[in-house]
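Structure assessment
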Amino acid sequence: MMYQLPSCNPGETISIPPAVRDSLSCLDIVWSDMFEAVEINPDTARQQEIDFLQGAPPTWLNFYTSANLPLVERDGFNDLIELIERKKEKLCLITDVSLRYQRGSGGSTLGMQVLWHFRRDLRCARAIDSDIDTKELSKQVLDLFLRSNEERAEQDQKTVLLLLDTKEKRDNKLPIKNELWTNLIKEIHDRGINTQTPVVILLDWKTEDFSLNDTLILPSKPSEEKIKQLKEKLLQQIRLQRKSQWKVTTINLLCDEDSGGSALAGAILQELEHEFTCGTWKDPFRTEISENKECTREIENMASELFKKYKTHKKPVLLLLDNKDDKTTSDLLKNLQSKLQPDRTDGPAVVIINAVGKSAVRGRGSVTLKLELLPEEKERFAQKSLKIEEKHKEMSKSFHAFNIMRGGFQRQYAEKTITEEMVNLIENDKTSSSTKLLSFLALINSYVPGSHLSKSSCEKFIDGPSVEDIMEPFMDLIVIFSDGKANCIRLKHPMIADACLKMVTENKLTRFDITLDFLNKMVEGNESDYEQICKRLLFTRHHGLTGKEMFSRLILDIMRESTTNKCIKLLKRASHLFSTDPFYPQALSRLYYNEVTEESKYREAEKWAKEAIQRDPKSHIRDTLGQVHKNQLSRIWTGSIWVNVNKPRTDTRLRIAESAIKAFEDEETAAEDELDDNTKFNTGGHFGFLEVCKEIYDRITPKNPLEQKYHDFINSLRGKVESKYNFFERYLTFSRPGSKTEEPEYIRRVVEDCYKLHVTQGTQTGEEALNERKQKTFAGMLDFLRSDINVLKQNLSAIEKPQSDDEPQTVLYILAKLISSQAGEPAGGTEELQDMLQSLWLTKAEGRSPEFYLLVLLLFWPDEVKPDPPNLGDCVQYMSQSYESKYQKHLRHRFLVPLFFYGKGEGLQRLVHALKPHQDGLERPVHSRLHQTDLELLAEGYKGVYEVECLQRIEGKVEDYRVFADRNGHQIEVNADKPANVCKQGRVSFYLGFTIRGPVAYNITYHDCEYMSDS
């Protein structure tokens, strides 16, 4: 039998023999003629439809309308189709669309629906296992893209639409999507593919909890229909959060300044004033934060006011924060959560709409699917329900997965599926096999939605009659299906699992009892089958509003339900079962030092942290031991655990401090030795060291005078503190976590505060010591552009012209002049500075820094240079080599910040710096001539032709996937900001930026192509 794929010729297909199909073993391919050439057994089709409506995962047969009723298209379906239609016309190698969905909302179905829709237009496939070797997956995806008829000599290229179930990797590794993207680019380059359309469109399919937070976008000048749609989505999000168990939830509303977003949010508040205590705060955050104490007091007052409103009116608060700029709300949220911590709330006490007005906002390339229906969706489900009842009659009442969705995901429906007979059975026999198996399913389907147990393992546990017989009283809640390898069993919907778990715990079966029984009766002896489920149950930590939770959801719930000791017992049991896994002892250690109150807590925490290291000595595992000692040191100084015993003496404190420092230094050493290209460099050891040093110095007050031992110990730390500061100064100046992700504010604050405490001497203030240090380094000088240029202005005269052979000082002198010119200060002509660099260039010294080569490029790139300048092609090559040896290890997989762009004008005014201020609203930084929106578009790799007023487009070409800039008749190779946008040979233009690695081409535009923008 031959299989059909769409050809590059419209309306045509190509035939694929079984042998070729079998070679694409990583891919579940949706053939163009799927099911059309075979006879479908009506009974099989009917049973698969029944299974799906009851709650089994979808199969491809469910989408074949000749055998089944058409599926309901949720709101995100048309949005995804529209996004993919636009993406498939883009001129690039790879592009992506993201589907973010809540478990139980139909996300799996929607992803497959989209592939089915495009099966005759694109080559559609689903990655069978997203944890597979991404190199092999990349090769098979390219094989699918290039596949042609056997008789044709030429390749028949056709875009692949690949559905990828994203799972975050552990061990500090990159997400699967990033790793696959890199390998796809390499495979495309190796095969020499030139294309006018994408090779691959990645449909990135991942779960997310929108009950806590989401972001909605209102673009410029929206139509009435767009405003209506956004209003419905905003109300949908508020209803969704209203049903959650979080104490505080947020909605970020990003709106163009002329879009009327604040007015829309205000109208929502008026509409909901009978349900909420509503209020609006306009520009609530100070624009200039000069005093941290003032800011802290201001936020404390805001949180207190919200808490008072909630307590006074006895109903949740709906608060609109109407902001002109994007201000962080994390401190307010932390403060508010701490005030609400003792309170038991049925739903959130406060819902915050954070409306941020921006000069320009763009639609995002993602679609969301939530456990809440929009009005049009309710109508579609109601119509489908009538057809289902007509076809399946009385059986449709057991279609709980569909019925829960049709009813708008109401908790009450899920609870009503549990009959009085079921409750009585649980109440009267808590030890029966049926009760235990139901509790196991409730546990895993509630905390690991989408998971299942194999039918064979359930029958082995029962050790008697069949699952259907023993579970007969509960079969209305259960669905049995095949995953292609074996028969599986699960509850029909995660909300039914929640209801069952609530029912069994109300009948004195605790989460602890169920989990321990599950480990002992199901997992033991079958550890490999349950490895992923147990990880997600016991140590996968979810993101809260202000960062990762400290423990898994199950562990947190057991702590609330019973005691910390029960959690310890569970983790010890799991640690014994999974005896080589380092994450269970790591979680145990974290549990001991954070939650246990006995004096022995740190001894146990240290023991388990060392056990984790014994199992896996990688740096991120070692971090926990440092955190144990750091936490103990902090508690010792505050005396919070030393109630009935004498506080430790100086020797004990110093010993703990030394242990913490050694642990973090060991972590740092391990990170330096780790060479895995698929991991980011772990800076935890560097940062933990500085946190400990800051903790020690922070506790020294007039009431706590220094003993000589303290003096000696603190003095011994100074050199290492300076070294760590130097590391972070470069790390934070030259890079950030991602093109759209800023570094958390506390990182720089801790690094700088620690330096000021340990290095300040005599009458000098900490700020003076820090600024003096910055004037001695390249990264430090650049930082004045984003912090306080006045400091450099005041000290510019003190920066003397260096000797001609003093390369480090020459570099700093030239940079100071360049920075001064950015601040509008007279910096003289460029010729003198060029002479200084050229004389150094001619010495051809080895081991030069990337910073030296950066200045050569900045000063000599313009056309109006003196005769016989440095060879910039060589300079780019030397700079790349220097970067690899000096910074590549530490900055790998981070976004390299463009420091300058090549602009219009003459001399140093051609250069446009691109550094954002540390804090919005400060007057002292030198604001870039680049508008903030342009900076974001350039950094994010915006695809589409657009003009930036102050920048000069550079002409060039693409050859063999390499980008070259034209300069004075020569071709100079530059890096492509987004390698996926370099898809064919030809003439191009681009904006030229400069990172610490070298020149970079941004917004690459082919001369002979029309572009569809990303917005």
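This text goes with the structure placed above it.
Residues numbered from 1 in each chain as written. Predicted model: local features only at pLDDT ≥ 70, side-chain atom pairs only at ≥ 80, totals over all residues. Heavy atoms only, no water.

**With respect to the pairing of strand β25 (residues 970-976)**
Sheet topology places strand β24 (residues 962-967) next to β25; 5 bridges connect them, and they run antiparallel. Note on β25: the bridge partner recorded for Arg967 is His970. The antiparallel pairing of β24 with β25 creates a hairpin that spans 2 residues between the two strands, and Asn968 there sits at a positive phi of about 50°. As defined by bridge partners, β25 adjoins strand β27 (residues 998-1006) across 2 bridges and the pair is classed as parallel. Across the sheet, residue Asn975 finds its bridge partner in β27, namely Val1000. (Pairing = 2+ DSSP bridges. Helix = DSSP H or I, 4+ residues; strand = E, 2+ residues; numbered from the N terminus.)

**A short note on the side chain of Asp616**
For Asp616, the position within the fold is in the loop between α24 (601-615) and α25 (619-638). Excluding its chain neighbours within four sequence positions, the residues that come into contact with Asp616 are Pro582 and Ile621. (Contact = heavy atoms within 4.5 Å.)

**Observations regarding the nonpolar core**
When a protein is soluble and globular, its nonpolar side chains tend to lie buried together. Counting residues in hydrophobic clusters, the biggest one holds 258 residues, and the most contacted among them are Leu453, Phe518 and Trp861. When residues of this core are assigned to their parent elements, the largest contribution, 11 residues, is made by helix α28 (residues 708-734). Apart from the residues lying within four places of it in its own chain, the contact partners of Trp861 are Val856, Leu872, Tyr902, Ile954, Ala965, Arg967, Ile972, Val974, Leu992 and Phe994. Of all hydrophobic cores here, the second largest spans 20 residues; its members include Ile238, Leu264, Leu272 and Val351. (Core = buried A, V, L, I, M, F, W, Y, C linked by side-chain atoms within 4.5 Å. Buried < 20%, exposed > 50% of the residue type's maximum accessible area, 1.4 Å probe, protein only.)

**Quick word on the sheet that holds strand β9 (residues 248-256)**
With respect to topology, 5 strands assemble into an open sheet ordered β8-β9-β12-β11-β10, the strand pairing being parallel. Edge positions in the sheet fall to β8 (213-218) and β10 (277-282), since each has one partner strand and no second. Adjacent strand axes in the sheet meet at a mean angle of 15°, parallel and antiparallel pairs treated alike. The sheet contact formed by strand β11 (residues 317-323) and strand β12 (residues 350-358) spans 7 bridges and is parallel. Note that in β12 the partner of Leu320 across the bridge is Ile353. Sheet strands touched by helix α7 (residues 224-242): β8, β9, β11 and β12. Its angle to β8, the strand with the most contacts, is close to 170°. In the packing of helix α10 (residues 330-340) onto the sheet, the strands contacted are β9, β11 and β12, and the crossing angle to β9 comes to about 155°. (Axes fitted to C-alpha atoms, helices over the stretch in contact; angles between N-to-C directions.)

**Thoughts on the environment of Lys387**
Within the secondary structure, Lys387 is located in helix α11 (residues 375-392). In this structure the C-alpha to C-alpha distance between Lys387 and Tyr946, which are 559 residues apart in sequence, comes to 50 Å.

**A word on the packing of helix α29 (residues 745-759) against helix α30 (residues 766-774)**
Viewed as axis vectors pointing N to C, α29 and α30 meet at an angle of 105°, and their least axial separation amounts to 8 Å. Judged on the interaxial angle alone, α30 and α29 are roughly perpendicular. Contact with α29, carried on its side by Glu752, Tyr755 and Lys756, involves Gly766, Glu767, Ala769, Leu770, Arg773 and Lys774 of α30 and no other residues of that element. Among the residues forming the contact of α29 with α30, the class breakdown is 3 nonpolar, 1 polar and 5 charged. (Parallel < 35°, antiparallel > 145°, perpendicular 65-115°, else oblique. Nonpolar A, V, L, I, M, F, W, Y, C, P; charged D, E, K, R; others polar.)

**Section: unusual backbone geometry**
Even without being glycine, Lys314 reaches a positive phi, approximately 60°. Structurally, Lys314 can be placed in the loop between α9 (292-313) and β11. Since its relative accessible area comes to 69%, Lys314 is described here as exposed. One non-glycine residue, Asn1003, adopts positive backbone phi at about 55°. As for its position among the elements, Asn1003 is in strand β27. With relative accessibility at 8%, the residue Asn1003 sits in the buried group.

**Side note on the packing of aromatic side chains**
According to the stated counting rule, one finds 29 aromatic pairs in the structure shown. A ring pair is formed by Phe687 and Tyr746, whose centres lie 5.9 Å apart and whose planes are at 65°; its orientation type is edge-to-face. You can see Phe687 sitting in helix α27 (residues 684-698) and its partner Tyr746 sitting in helix α29, a full 59 residues away along the chain. The interplanar angle of 75° and the centroid separation of 6.2 Å between the aromatic rings of Trp861 and Phe994 together place this pair among those described as edge-to-face. Residue Trp861 is located in the loop between α35 (850-860) and α36 (872-886), and its partner Phe994 is located in strand β26 (residues 986-995); the two are separated by 133 residues in the primary sequence. (Phe/Tyr/Trp six-rings, centres within 6.5 Å; stacked < 30°, edge-to-face > 60°.)

**As for the packing of helix α19 (residues 511-523) against helix α22 (residues 564-577)**
Where α19 meets α22, the axes come as close as 10 Å, and the angle between the chain directions of the two elements is 15°. It follows that α19 is roughly parallel to α22 by the angle criterion. As α19 packs across α22, the resulting crossing turns out to be left-handed. Between α19 and α22, the residues in contact are Phe512, Thr515, Leu516, Leu519, Asn520 and Val523 and Lys566, Lys569, Leu570, Arg573, Ala574 and Leu577, respectively. Split into classes, the residues belonging to the contact of α19 with α22 amount to 7 nonpolar, 2 polar and 3 charged. (Left-handed = near helix turned anticlockwise from the far one by under 90°.)

**Regarding the sheet that holds strand β7 (residues 200-207)**
Taken together, 6 strands build an open sheet; the order of strands is β3-β5-β6-β7-β4-β13 and the sheet is mixed. Every other strand in the sheet has two partners, leaving β3 (27-30) and β13 (366-369) as the edge strands with one partner each. Taken over all neighbouring pairs, the strand axes of this sheet differ in orientation by 20° on average, direction set aside. Of the strands in this sheet, β4 (94-101), β6 (160-165) and β7 touch helix α6 (residues 176-191), which is tilted by about 160° from β4.

**Thoughts on the pattern of salt bridges**
Taken as a whole, this structure holds 58 salt bridges when the rule is applied. Between Arg615 and Glu611 there is a salt bridge whose closest N-O contact spans 2.8 Å. With a gap of 4 residues between them, Arg615 and Glu611 both fall in helix α24, about one helical turn apart. Among the charged side chains, a salt-bridge network with shared partners connects Asp96, Lys177, Asp204 and Lys206. (Salt bridge = Lys/Arg side-chain N within 4 Å of Asp/Glu carboxyl O.)

**Describing the pairing of β12**
For β12, the tally of buried residues reaches 9 of 9 residues, placing the bulk of the element in the interior. Every second residue of β12 is oriented toward a common face, with Val350, Ile352, Asn354, Val356 and Lys358 on one face and Val351, Ile353, Ala355 and Gly357 on the other, all of them buried. Summarising the sheet, β9 and β12 pair through 9 bridges and their orientation is parallel. Along β12, the bridge assignment pairs Thr250 with Ile352.

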